[in-house]
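What follows is the residue order along each chain.
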Amino acid sequence: MNYTTFAQLYDQLMDPEIYESWLEYFKQRVSPNSGMVLDLGCGAGALTMQLKKAGFQMEGLDLSDEMLSLASERMSRSNVFFPVYQADMTDLNGLGQYAVVVSTLDSLCYLANFAELGKVFREVYAHLKEHGKFLFDVHSVYQMEKVFPDYMYNYQDQNEAFLWHSYPTDVSYGIEHELTFFIKDQATKNYQRLTEHHYERTYPLANYIDLLKEVGFKKVEVKADFGRSSVKNDSTRWFFCCDK
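The following paragraphs examine the structure supplied in this document. (Residues numbered from 1 in each chain as written. Predicted model: local features only at pLDDT ≥ 70, side-chain atom pairs only at ≥ 80, totals over all residues. Heavy atoms only, no water.)

**Some thoughts on the sheet that holds strand S9 (residues 191–201)**
Stated precisely, the cut-off is as follows: The criterion for strand pairing is that DSSP finds at least two bridges linking the strands in question. Secondary structure counts use DSSP, requiring at least four H or I residues in a row for a helix and at least two E residues in a row for a strand, with both numbered from the N terminus. Axes, fitted as lines to C-alpha atoms, cover a helix only where it is in contact. Angles between the N-to-C directions of the axes lie from 0 to 180 degrees.
The four strands lie next to each other as S6-S7-S8-S9, forming an open sheet whose pairing is antiparallel. Edge positions in the sheet fall to strand S6 (152–156) and S9, since each has one partner strand and no second. On average, adjacent strands in this sheet sit at an angle of 10 degrees to one another, irrespective of strand direction. As judged from the nine bridges shared by strand S7 (residues 160–168) and strand S8 (residues 174–184), these two strands associate in the antiparallel manner. Bridge pairing in S8 places Trp164 opposite Leu179.

**Topic: the sheet that holds strand S4 (residues 98–103)**
Using the following cut-off: Here a residue-residue contact requires only that any non-hydrogen atoms of the pair lie within 4.5 Å.
Taking strand neighbours across the sheet as the criterion, the seven strands line up as S3-S2-S1-S4-S5-S11-S10 in an open arrangement whose pairing is mixed. Only two strands of the sheet have a single partner each, and these edge strands are strand S3 (84–86) and strand S10 (219–223). For this sheet, the mean angle separating the axes of adjacent strands, direction not counted, is 15 degrees. Sheet analysis places strand S2 (residues 57–62) next to S3, joined by three bridges and oriented parallel. When the bridges of S3 are listed, Asp62 appears paired with Gln86. Most of the contacts of helix H2 (residues 16–27) go to strand S5 (residues 128–139), to which it runs at about 150 degrees, and overall it touches strand S1 (36–40), S4, S5, S10 and strand S11 (237–243). Taken strand by strand, helix H4 (residues 65–78) contacts S2 and S3, and its axis lies near 165 degrees from that of S3.

**Details of the pattern of salt bridges**
Pairing is possible between side chains of opposite charge, provided their charged atoms come close. The condition that has to hold: By convention in these notes, a salt bridge is any Lys or Arg side-chain nitrogen within 4 Å of a carboxyl oxygen on Asp or Glu. Think of it in three bands: residues with accessible area under 20% of the maximum for their type are buried, residues over 50% are exposed, and the middle band is partly exposed, with areas taken using a 1.4 Å probe on protein chains only.
Applying the stated rule across the entire model yields six salt bridges. The partner of Asp225 in a salt bridge is Arg228, with the nearest N and O atoms 3.1 Å apart. Given a relative accessible area of 41%, Asp225 falls into the partly exposed group.

**A word on the packing of aromatic side chains**
The criterion, for reference: Only Phe, Tyr and Trp rings take part, Trp by its six-membered ring, and two of them pair if their centres are within 6.5 Å. Stacked means planes under 30 degrees apart, edge-to-face means over 60, and tilted covers everything else. For a lysine, the NZ atom is tested; for an arginine, the CZ atom; a charge sits over a ring if that atom is within 6 Å of the ring centre and within 35 degrees of the ring normal.
Per the counting criterion, the structure on display carries 20 aromatic pairs. Their ring planes at 5 degrees and their centres at 4.4 Å tell us that Phe136 and Phe240 sit as a pair that is stacked. Of this pair, Phe136 sits in strand S5 while Phe240 sits in strand S11, and the two are 104 residues apart along the sequence. Judged by its relative accessible area of 0%, Phe136 falls in the buried class. Its relative accessible area of 0% is what places Phe240 among the buried residues. For the ring pair Tyr208 and Phe240, a centre distance of 5.6 Å and an interplane angle of 50 degrees mean the geometry is tilted. In this pair, Tyr208 is assigned in helix H7 (residues 205–215) and Phe240 in strand S11, connecting sequence segments 32 residues apart. Aromatic rings pair up to connect Phe114, Phe121, Tyr125, Phe134, Phe136, Tyr203, Tyr208, Phe217, Trp238 and Phe240 into one cluster. The residue whose ring lies beneath Lys244 is Tyr125, and the NZ or CZ to ring-centre distance is 4.5 Å.

**A short note on the environment of Gln57**
Structurally, Gln57 is set in strand S2. Accessibility expressed as a relative area gives 38% for Gln57, which makes it partly exposed. Note: C-alpha distance between Gln57 and Leu40 (17 residues apart in sequence) is 14 Å. For Gln57, the residues in contact, after removing those within four places along its chain, are Gly35, Met36 and Val37.

**Some remarks on helix H3 (residues 46–53)**
Given 3.6 residues to a turn, an α-helix orients residues that are three or four positions apart in the same direction. Looking only at H3, the buried set comprises Ala46, Leu47, Thr48, Met49 and Leu51. For H3, the elements touching its buried residues are H2, S1, S2 and H4.

**Things to note about the nonpolar core**
Most often, soluble globular proteins have nonpolar side chains that are buried together. Our working definition: We define the nonpolar core as a collection of buried residues of types Ala, Val, Leu, Ile, Met, Phe, Trp, Tyr and Cys that are connected through side-chain atoms lying within 4.5 Å of one another.
Counting 31 residues, the largest nonpolar core has Leu108, Phe121, Phe134 and Phe240 as its most contacted members. Listing elements by their share of this core, those giving two or more residues are S1, S4, helix H5 (114–126), S5, H7, S10 and S11. Ignoring anything within four residues of it in the chain, the contact list for Phe121 reads Leu108, Phe134, Phe136, Tyr208, Leu211, Leu212, Val215 and Phe217. Counting residues in hydrophobic clusters, the runner-up holds 23 residues, among them Trp22, Val30, Phe56 and Phe239.

Here it is, written out as structure tokens:
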């Protein structure tokens with residue numbers, strides 16, 4: 001079983017309500033006539049597609065060619081198209097200027113360290129037009145320290161099972177996710193096993209705000225619960241809206 005299969009399963013298991021909530025958060029802060037939007041770390045293009053259907057001008061970027069292949073399939077099925085690029089988000093050289101850059105579902109938490117995060121912030125700032133916006137979410141410190149350690153989630157149906165187990169690491173505010181899939185082979189009725197390890201990390205909220213202002217963003221709004229509430233000590237995810 002190859003990573004393409006893993007990407008397909010991962011895409012299928014994502015809760016559609018997450019994309020709907022992100023769409024509403026985005027629409028409350030960005031107008032469809034604002035200009036071109038770059039979805040940074042677009043994955044299989046689920047949110048990119050919803051934003052496109054909502055009237056936004058969209059482009060997508062992701063490092064995984066498997067995920068971008070799924071995005072192309074999604075476009076073909078829907079007969080709705082937008083450009084996608086395979087690239088590392090720490091180097092946006094060759095891309096144009098955007099009215100808005102968006103990065104969702106803790107894509108930025110997959111960066112290796114704070115230096116890489118700074119590179120991304122600077123690249124985004126450089127590729128935003130004046131008065132452009134940068135919207136993104138990340139896991140909170142509370143999520144990493146209190147929720148994720150030893151977190152477990154299991155799912156199964158007649159053809160597959162999915163096991164998710166999270167472990168603390170020796171890196172501050174870091175976590176390792178072990179994702180295991182058991183896929184039924186319809187010919188042999190046996191199950192194939194596929195395991196992936198994902199590493200994420202976050203930083204104190206003040207570190208994000210200080211870095212964004214150091215890069216040059218004039219205004220940084222931070223909310224919780226898809227913008228529905230203010231940040232609290234037990235907020236699990238932070239949502240940023242930054243103005244250039």
